[in-house]
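So the chains spell out like this:
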Amino acid sequence: MKLVSYGARGWERPGVLLEDGAILDLESATMGRITTIRALLETGKKGLSLVADLLRTPQAERHRVPAETQRLGPPLTNPGKIVALGLNYRSHAQEQNVRLPRKPLLFSKSTTSLSGNGDPIWYPRDETRLDYEVELAFVIGRPAIGVDPAEWKDYVAGYTVINDVSARDAQFSDRKWFRGKSYDSFCPMGPFLVTSDEIPDPHSLRVAATVNDQPRQNSNTDDLIFGIPEILAFVSRNITLLPGDVIATGTPGGVGIFWDPPRCLEPGDTVTVTVEGIGSLTNQVSTRDVLEPSPYPHPRG
Ligand code: MG
């Protein structure tokens with residue numbers, strides 16, 4: 001299934017994208033019991049299979065919404081945490097001439113940085129080196145602590161795409177990554193959360209980024225240094241992961257800052273990041289004229 005959060009920013013409702021392109025509204029189909037995709041994931045595999053059953057019933061017709069006119073926000077509108085990996089593709093380590101890490105390198109992105117497909121990426125104030133990073137992200141489906149890597153599949157509800165937008169000036173000058181990775185709009189996510197039954201092997205998916213239709217990143221998740229089993233075991237060794245938590249697996253070579261000369265993002269640029277079989281996100285870089293608080297995280301509209 002392709003799970004979505006659709007509607008205006010900050011007012012998204014949970015849904016399932018159907019094969020004919022319409023959306024099944026999950027909130028009305030469950031009589032108000034499920035108000036977010038995170039809430040659905042919290043019901044576990046049982047809840048997901050109930051939704052799959054529901055799609056096959058005639059009653060599903062009543063909860064259909066035409067999708068063409070709907071904005072797709074981040075599928076998770078209120079994740080508890082967004083964990084990200086730095087330096088997790090061989091090609092990305094090579095392009096900056098650094099050694100491969102011996103263990104996963106973790107950082108966090110703020111949940112207020114979330115945005116959806118088609119939303120603007122705000123060009124930050126006081127920054128000049130804005131960058132894109134295509135990433136495969138996986139989403140946790142059940143509480144996890146001390147996960148055995150051999151059992152990783154039991155914990156992954158599905159996959160989505162993120163653009164780990166980065167302000168390189170802040171990232172490099174701080175020598176800590178939180179600030180430069182967490183500005184409002186720096187985490188476009190989606191457009192779908194594709195359930196894991198539809199992705200037999202997440203370690204052989206093409207990942208790509210373009211800027212104004214020009215290729216910038218072109219790689220495959222088979223170049224990951226640490227795969228999902230190792231990442232999950234490593235993170236959950238001492239950190240509890242909960243349903244709806246998002247883990248971004250890192251980006252391959254080809255980010256703007258390491259081109260020679262660098263090719264960072266400017267206002268007006270359009271970035272598309274794609275993971276094969278999961279989806280594509282397109283966002284345009286814009287200056288931010290009006291300062292409004294981020295609508296994320298929100299548990300419901
Ligand atoms: Mg990244």
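Draft legend 1. Representation of the overall build of the protein chain within the structure. From N to C terminus, the protein chain includes 7 helices and 18 strands. Dimensions of the protein chain, computed from the C-alpha atoms along their principal axes, are close to 60 × 45 × 30 Å. A burial count over the protein chain gives 57% of its 301 residues as buried. Relative to all contacts within the protein chain whose residues are 6 or more apart in sequence, the contacts with residues 24 or more apart total 75%. As displayed, the protein chain has an accessible area near 13300 Å², and 51% of this comes from carbon and sulfur atoms. Counting 32 positive and 37 negative side-chain charges, the protein chain places the centres of these two groups 5 Å from one another.

Draft legend 2. Inspection of the coordination of the magnesium ion at higher detail. Looking at the magnesium ion, the protein donor atoms are Glu133 (OE), Glu135 (OE) and Asp164 (OD), and they sit 1.9 to 2.1 Å from it. Of note, the donors binding the magnesium ion are all from one chain and are spaced E-x1-E-x28-D. Placement of Glu133 in the loop between strand 9 (130-131) and strand 10 (134-140) and of Asp164 in the loop between strand 11 (156-163) and strand 12 (166-167) is noted, with a sequence separation of 31 residues between them. Like Glu133, the residue Asp164 is buried in the burial classification.

Draft legend 3. Up close: the environment of Arg129. In this fold, Arg129 is placed in the loop between strand 8 (121-123) and strand 9. Looking at Arg129, the relative accessible area reads 32%, which means it is partly exposed. With near-sequence residues (within four places) excluded, Arg129 lies in contact with Ser166, Ala167, Arg168, Asp169, Phe172, Ile257 and Cys264.

Draft legend 4. Structural view of the side chain of Thr272. For Thr272, the location among the structural elements is in strand 17 (residues 270-275). Classification of Thr272 by relative accessible area gives buried; the value is 18%. Here the side chain of Thr272 touches Thr282 through a polar contact of 2.8 Å, side chain to side chain. Once residues lying within four places of it in the same chain are set aside, the contact partners of Thr272 are Ala208, Ala209, Thr210, Ser280, Leu281 and Thr282.

Reading guide: rules and limits
- Residues numbered from 1 in each chain as written.
- Predicted model: local features only at pLDDT ≥ 70, side-chain atom pairs only at ≥ 80, totals over all residues.
- Heavy atoms only, no water.
- Helix = DSSP H or I, 4+ residues; strand = E, 2+ residues; numbered from the N terminus.
- Buried < 20%, exposed > 50% of the residue type's maximum accessible area, 1.4 Å probe, protein only.
- Contact = heavy atoms within 4.5 Å.
- Areas by Shrake-Rupley, 256 points an atom, 1.4 Å probe, with all protein chains shown as cover.
- Lys, Arg positive; Asp, Glu negative; His and termini not counted.
- Charge placed at Lys NZ, Arg CZ, Asp CG, Glu CD.
- Donors = N, O, S within 2.8 Å, 3.2 Å for Na, K, Ca; no water.
- Polar contact = N/O pair within 3.5 Å; in protein donor to acceptor, adjacent residues only side chain to side chain.

Everything listed here is a matter of coordinates, which is why it stays silent on function.
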